[in-house]
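Breakdown of the fold
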Amino acid sequence: MTIKTRITELFGIDHPIVMGGMQGVGRAELVAAVSNAGAIGFLTALTQPTPEALYDEVQKTRELTDKPFGVNITVLPTLKPVPYDDYVAAVVEADVSFVETAGRSPEPFMPAFKKAGIKVIHKCTSVRHSIKAQKVGCDAVSIDGFECAGHPGEDDIPGLVLVPATADQVDLPLIASGGYGDARGLVAALSLGADAINMGTRFLATQEAGVHENMKSKLVESSERDTALIFRSMRNTARVFKNEIAEEVMKIEAEGGTIKDVAHLVSGERGRKAMAAGDLDGGIWTAGMVTALIHDVPTVAELISRISAEAQQLIEKRLSSMVA
Ligand SMILES: Cc1cc2nc3c(=O)[nH]c(=O)nc-3n(C[C@H](O)[C@H](O)[C@H](O)COP(=O)(O)O)c2cc1C
């Protein structure tokens, strides 16, 4: 038996589980592992230094899996300008079937995606942005609650309210994101009106994730109290792991500092170097509250089959037995 939803149908996958874009992490090996396990992974476009490198990464992923996968394109304020149109052109050229957009409305890119027959899943953090995504022709919406790693937006609405509120107002297939890490979350999300879950942080603590072992162990040790919100004062909030650098950034923000005052602490280059060395206090790294629910470092296939099997048990045994 499997769980069949509008999202498993849309992507042609076995399990209603998605791995969204992860800067610095969403590369061919991990994406292929997720797709090979019957879920769907998204390569992160901007992890590749150039649009040409993204094209090559798509080809590399194809060598590792013949299952469906996609590409995430995230449009956020960056210190260096990004040639977004060229990344979109590379995705079209590579004949990708699915794109996850995030950060800004995908409206400017929709004509190119539609012309190429690409299905667009827009990941956003509010009901109003989901409604807009539907209006501009997206094929599905992924809704990130306040719990999520990365950018939860500025409204601070947790998934327990955000997911059903979105399901009430949007007809598109819906992916619940933020705070999901096990079967309980998947069943809860399906109950709330979603057709799948999207996980980021949980996939960092898998064998195939190309991150330092120190990070995987730290995620296993950590609790729900170990994340922090930085860039609040700049209205570009990011949920990251609460380490020494995150604490320092929050202190500077509280004292009225601007992006210039924290740029040396938060630069991507600093983060990349520190993470490659396993120095978890050396730079900013992204993680969500779901760290509380991470207790091991399984293979991706083990994780996905465990979530799917336990979800079916929860539905068939625990929930059914409660119906008098
Ligand atoms: C290390 C890391 C990097 C991320 N980078 C991106 C990104 O570049 N673009 C994006 O849309 N989301 C990014 N995310 C967010 C995830 O795609 C996903 O929405 C989020 O992790 C869901 O919350 P969860 O971590 O509680 O599962 C990132 C998450 C993590 C953990």
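Structure shown above.
Only a predicted model underlies this, so the values are computations on that prediction, with no experimental measurement involved.

1. Structural notes on helix 14 (residues 300–322)
Three- or four-residue spacings in an α-helix give side chains the same orientation, since the helix completes a turn every 3.6 residues. Under the 1.5 Å per step criterion, the end-to-end length of helix 14 is 32 Å for 23 residues, consistent within 8% with the ideal 33 Å. The largest bend along helix 14 measures about 35° and falls at leucine 314. Looking at the buried side of helix 14, the elements it contacts are strand 1 (17–19), helix 2 (28–36), helix 8 (183–192), strand 8 (196–199) and helix 9 (201–204).

2. Section: the nonpolar core
Residues Val71, Ile73, Phe113 and Phe203 are the most contacted members of the largest nonpolar core, which totals 73 residues. The element best represented in this core is helix 14, accounting for six residues. Residues contacting isoleucine 73, with those up to four places away along its chain left out, are Ala45, Tyr84, Val88, Val91, Val99, Glu100, Thr101, Ala102 and Phe113. Grouped together as the second largest cluster of nonpolar side chains are 13 residues, Ala228, Ile245, Val262 and Val266 included.

3. Some remarks on the layout of surface pockets
Taken as a whole, the second largest pocket spans an internal volume of roughly 270 Å³. Elements represented by at least two residues in the lining of the second largest pocket include exactly helix 7 (159–169) and helix 8. Looking at side-chain class alone, the lining of the second largest pocket contains eight nonpolar, four polar and four charged residues.

4. Notes on the sheet that holds strand 2 (residues 40–44)
With parallel pairing, the eight strands of this closed barrel are ordered in space as 1-2-3-4-5-6-7-8. Within the sheet, the average angular offset between the axes of one strand and its neighbour, ignoring direction, is 25°. Where strand 6 (residues 140–144) and strand 7 (residues 174–177) come together, four bridges link them in parallel fashion. When the sheet's bridge partners are listed, aspartate 144 is paired in strand 7 with serine 177. Packing of helix 4 (residues 84–93) onto the sheet brings it into contact with strand 3 (70–74) and strand 4 (98–102), and relative to strand 3 it is tilted by some 170°.

5. Things to note about a nonpolar patch on the surface
Taken together, the side chains of Ile157, Leu160 and Val161 define a hydrophobic patch exposed on the protein surface, amounting to about 280 Å² of accessible area. Within the secondary structure layout, isoleucine 157 lies in the loop between strand 6 and helix 7.

6. Things to note about helix 2
Across the nine residues that make up helix 2, a large majority, seven, are buried. Restricting attention to buried positions, one finds in helix 2 the residues Ala28, Leu30, Val31, Ala32, Ala33, Val34 and Ser35. On its buried side, helix 2 packs onto strand 1, strand 2, helix 3 (51–64), helix 9 and helix 14. Just downstream of helix 2 lies glycine 38, where phi reads positive at about 95°.

7. Regarding the site of the ligand
Inspection of the region around the ligand gives 22 residues, with Gly21, Thr74, Lys123, Gly179 and Thr201 positioned closest. Contacts to the ligand include aspartate 144, whose side-chain N or O atom sits 3.1 Å from an oxygen atom. Here asparagine 198 contributes a side-chain N or O atom positioned 3.3 Å from an oxygen atom of the ligand. For the ligand, whose free accessible area comes to 610 Å², the fraction covered by protein is 92%. When contributions to the shell around the ligand are tallied by element, the ones reaching two or more residues are strand 3, strand 8 and helix 9. Tallied by class, the residues present in the shell around the ligand amount to seven nonpolar, 13 polar and two charged.

8. As for a negative patch on the surface
On the surface, Glu244, Glu247, Glu248, Asp279 and Asp281 cluster together into a patch of negative charge. Its location among the elements puts aspartate 279 in the loop between helix 13 (268–276) and helix 14.

9. Comments concerning the pairing of strand 3
For strand 3, the buried fraction is high: four of the five residues fall into the buried class. The pairing of strand 2 with strand 3 spans three bridges and is classified as parallel. Of the residues in strand 3, the one forming a bridge with threonine 44 is asparagine 72. For the segment spanning strand 2, helix 3 and strand 3, crossover handedness is right-handed. The sheet contact formed by strand 3 and strand 4 spans five bridges and is parallel. Note on strand 4: the bridge partner recorded for threonine 74 is alanine 102.

The rules behind the values
- Residues numbered from 1 in each chain as written.
- Predicted model: local features only at pLDDT ≥ 70, side-chain atom pairs only at ≥ 80, totals over all residues.
- Heavy atoms only, no water.
- Helix = DSSP H or I, 4+ residues; strand = E, 2+ residues; numbered from the N terminus.
- Expected span 1.5 Å × (residues − 1).
- Bend = angle between axes of the 7 residues up to and from the residue.
- Contact = heavy atoms within 4.5 Å.
- Core = buried A, V, L, I, M, F, W, Y, C linked by side-chain atoms within 4.5 Å.
- Buried < 20%, exposed > 50% of the residue type's maximum accessible area, 1.4 Å probe, protein only.
- 1 Å grid on protein atoms, 1.4 Å probe; cavity = no way out; pocket = protein on both sides within 12 Å on 5 of 7 lines; lining within 4 Å.
- Points joined across faces, edges and corners; volume = space filled by probe spheres on them.
- Nonpolar A, V, L, I, M, F, W, Y, C, P; charged D, E, K, R; others polar.
- Pairing = 2+ DSSP bridges.
- Axes fitted to C-alpha atoms, helices over the stretch in contact; angles between N-to-C directions.
- Patch = residues over 30% accessible without salt bridge, like charges linked within 9 Å, V, L, I, M, F, W, Y side chains within 5 Å.
- Areas by Shrake-Rupley, 256 points an atom, 1.4 Å probe, with all protein chains shown as cover.
- Salt bridge = Lys/Arg side-chain N within 4 Å of Asp/Glu carboxyl O.
- Near = heavy atom within 4 Å.
- Polar contact = N/O pair within 3.5 Å; in protein donor to acceptor, adjacent residues only side chain to side chain.
- Lys, Arg positive; Asp, Glu negative; His and termini not counted.
- Charge placed at Lys NZ, Arg CZ, Asp CG, Glu CD.
- Right-handed = clockwise from strand over helix to strand, strands pointing away.

These figures capture arrangement, not role.
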